[in-house]
Amino acid sequence: MARRARRILPGYGLTLGLTWFYLGLLVIIPLSSLFLKTFTMSWDQFWSTVASARALAAYRLTFSASLVAALINAVFGLLVAWVLVRYRFPGKALVDALVDLPFALPTAVAGLTLTALYSSNGWYGRYLEAAGIHVAFTSIGVAVALTFIGLPFVVRTVQPVLEDIDADVEEAAATLGATPWETFTRVIFPSILPALLSGFTLALARALGEYGSVVFISGNMPMRTEIAPLLIITQLEQYDYAGATAIAVVMLTASFTLLLAVNLLQRWSRRRLETRPS
Amino acid sequence: MPTVSTGVRSQRSRTHSLLLLAALVPLLHGCSKPGTESSEAVTLLNVSYDPTREFYEEFNAAFVKQWEAKSGKKLSIKQSHGGSGKQARAVIDGLEADVVTLALAYDVDMLHDKADLIPKNWQTRLETNSAPYTSTIVFVVRKGNPKGLRDWEDLIQPGVSVITPNPKTSGGARWNYLAAWGHALRKEGGDETKAQEFITRLFRNVPVLDSGARGATTTFAERGLGDVLLAWENEALLLTEEVGKERFEIIVPSESILAEPPVTVVDKNVDKRGTRAVAEAYLKHLYSDEGQEIAAKHHYRPRSQAIAAKHASHFPSVKLFTIDEAFGGWRKAQQAHFDDGGIFDRIYAPKSQ
């Protein structure tokens, strides 16, 4: 009682309890049941399902395409956020609203639309294929779809942080003799790096689990353009529930490790920012 | 930070509507439960696969009219459509279907194997393997048939591009694959190695494996990919007659497989809900002249000889083999060809490339 009184606002115990309950109900229990399901398999069964050549090819594609997509979004999302915060231009409100659209669009619609654009008779595809670049039904197509669905994350995480940086800081840097490039790399970039990393993480996480939009554009060829979530559906079509969860568990573990690593990196960059001598 | 709130808000409202939906689903589900015996309206749920939507809309209206006149009770029939395997899993996971009308017997078998909802011998309970209407696998080619594709052998020639969905994820695509295999096997006098060679060459000509039949149709018709689309006859007729007769034509190969989409009452559910009598009458009505006529109208081959004769011009005669003759039934076919490590996987195994 006495300890709790030290907090200014009451409710620590209640909110923390609710948080655990909520996360337990929504995340921990469903995910544990997923892990439990795989225990119905023998180790050999598990291993032959999750480590087949086909599964390995699918993980490779899923993770590499998701990384590429998240990196593209980190670069261009930062650019979009920069333009939206720093400049006033006609149609700005429209551009701002457009950024959120990939959130709202059902992913299957996104997949169908992208496939129509990039296939050999589509608006982009006909020129790209003339130049010898095949996008639809290749791994490039997978990355394109994942880039599309991940667009809003980086913009929306970086934007508020950029807004909070006062112009004085830049002016101060300039008066102290910093070139524009130095101002950006040594003053602005370190302050937005944590936000950029969380945007990158969100885009990456979203891409790793994406199914709906990708199956239309990837062509689903075994060993070449098959994503891991499709393999899960494949297992389900054989009524192999345990096999499906086995692949899901591998995906989940790998994703969790990756996300944890990025989160640690983000914390480290934030701490570095806070402890930096100013 | 005004801008961030727009993003969060749109996300939040999406979450809200999802939560709302999640809350409503059991409610809706609850609504369909009562009304078992009393004078309240009886409801039936028919869980079916994708291309039967229009067919069952018309058939349900016909059956309701007939049933209400006979019994004096209100009846309403709900239908649910989706990929055949996905629909079967929904029923296994607890969707209270009174009847299922799916694309292949293997999916219905799983209602017995995985959840014991129906007896093992379900397929013998109605005539003709519990498949009141049938179809077969045909070729859809571009107008004028520029590559001159007439039969299965033409599909394995170099430079021919074949569109078929992935048999691992699409029940319909399994019929395509089995039609090709069955033909090759019979032609080679039962030599499995030669049949496997044939199917490998066929799938080398497949540039894209869509996850479902409708996706494959889109790839072929809208994206302009491929010289030939392997499709169920009813889907092919729908595509050519209702979408683009001037763009596509149908080629019927010398022989093909008899696709039997089966139907059954889901015993556990009808007994729980007290709907067995009406569910059984519903399926029987599929075999009636009226049911057979509606099936023919929606491009399924009727089982009734008399009705089939009336529509003979619509359904060209083709030598048909059944899955039991060629493969010894669905379970064997599934295990040998489509399960992990089966023949289909071996086509794409790295060492054979």
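Residues numbered from 1 in each chain as written. Chains lettered and ligands numbered in written order. Predicted model: local features only at pLDDT ≥ 70, side-chain atom pairs only at ≥ 80, totals over all residues. Heavy atoms only, no water.

(A) Looking closely at empty space enclosed by the protein. For the structure shown, the criterion picks out two cavities of 30 Å³ or more. Computed from the structure, the largest cavity encloses a volume of approximately 90 Å³. Along its surface, the largest cavity is lined by Pro165(B), Gly172(B), Ala173(B), Asn176(B), Ala213(B), Ala216(B), Thr217(B), Leu229(B), Leu230(B), Ala231(B), Trp232(B) and Glu235(B). Contributing elements (two or more residues each) for the lining of the largest cavity: α7 (171-187), α9 (213-221) and β6 (228-232) of chain B. The element that contributes the greatest number of residues to the lining of the largest cavity is β6(B), accounting for four residues. When grouped by side-chain class, the residues that make up the lining of the largest cavity number eight nonpolar, three polar and one charged. Taken together, Leu112(A), Thr115(A), Phe216(A), Asp210(B), Gly215(B), Thr218(B), Thr219(B) and Arg223(B) make up the lining of the second largest cavity. Contributing elements (two or more residues each) for the lining of the second largest cavity: α5 (107-118) of chain A together with α9 of chain B. In terms of residue count, α9(B) provides more of the lining of the second largest cavity than any other element does, three residues in total. Looking at the lining of the second largest cavity residue by residue, the class counts come to two nonpolar, four polar and two charged. (1 Å grid on protein atoms, 1.4 Å probe; cavity = no way out; pocket = protein on both sides within 12 Å on 5 of 7 lines; lining within 4 Å. Points joined across faces, edges and corners; volume = space filled by probe spheres on them. Helix = DSSP H or I, 4+ residues; strand = E, 2+ residues; numbered from the N terminus. Nonpolar A, V, L, I, M, F, W, Y, C, P; charged D, E, K, R; others polar.)

(B) Structural view of the pairing of β6(B). Residue and element names in this part refer to chain B. The element β6 is largely enclosed, with a buried count of five among its five residues. Pairing between strand β4 (residues 133-142) and β6: five bridges, direction antiparallel. In the strand pairing of β6, valine 140 is matched with leucine 229. Where strand β5 (residues 162-163) meets β6, two bridges bridge the pair, whose relative direction is parallel. Across the sheet, the residue bridging to valine 162 is valine 228, located in β6. (Buried < 20%, exposed > 50% of the residue type's maximum accessible area, 1.4 Å probe, protein only. Pairing = 2+ DSSP bridges.)

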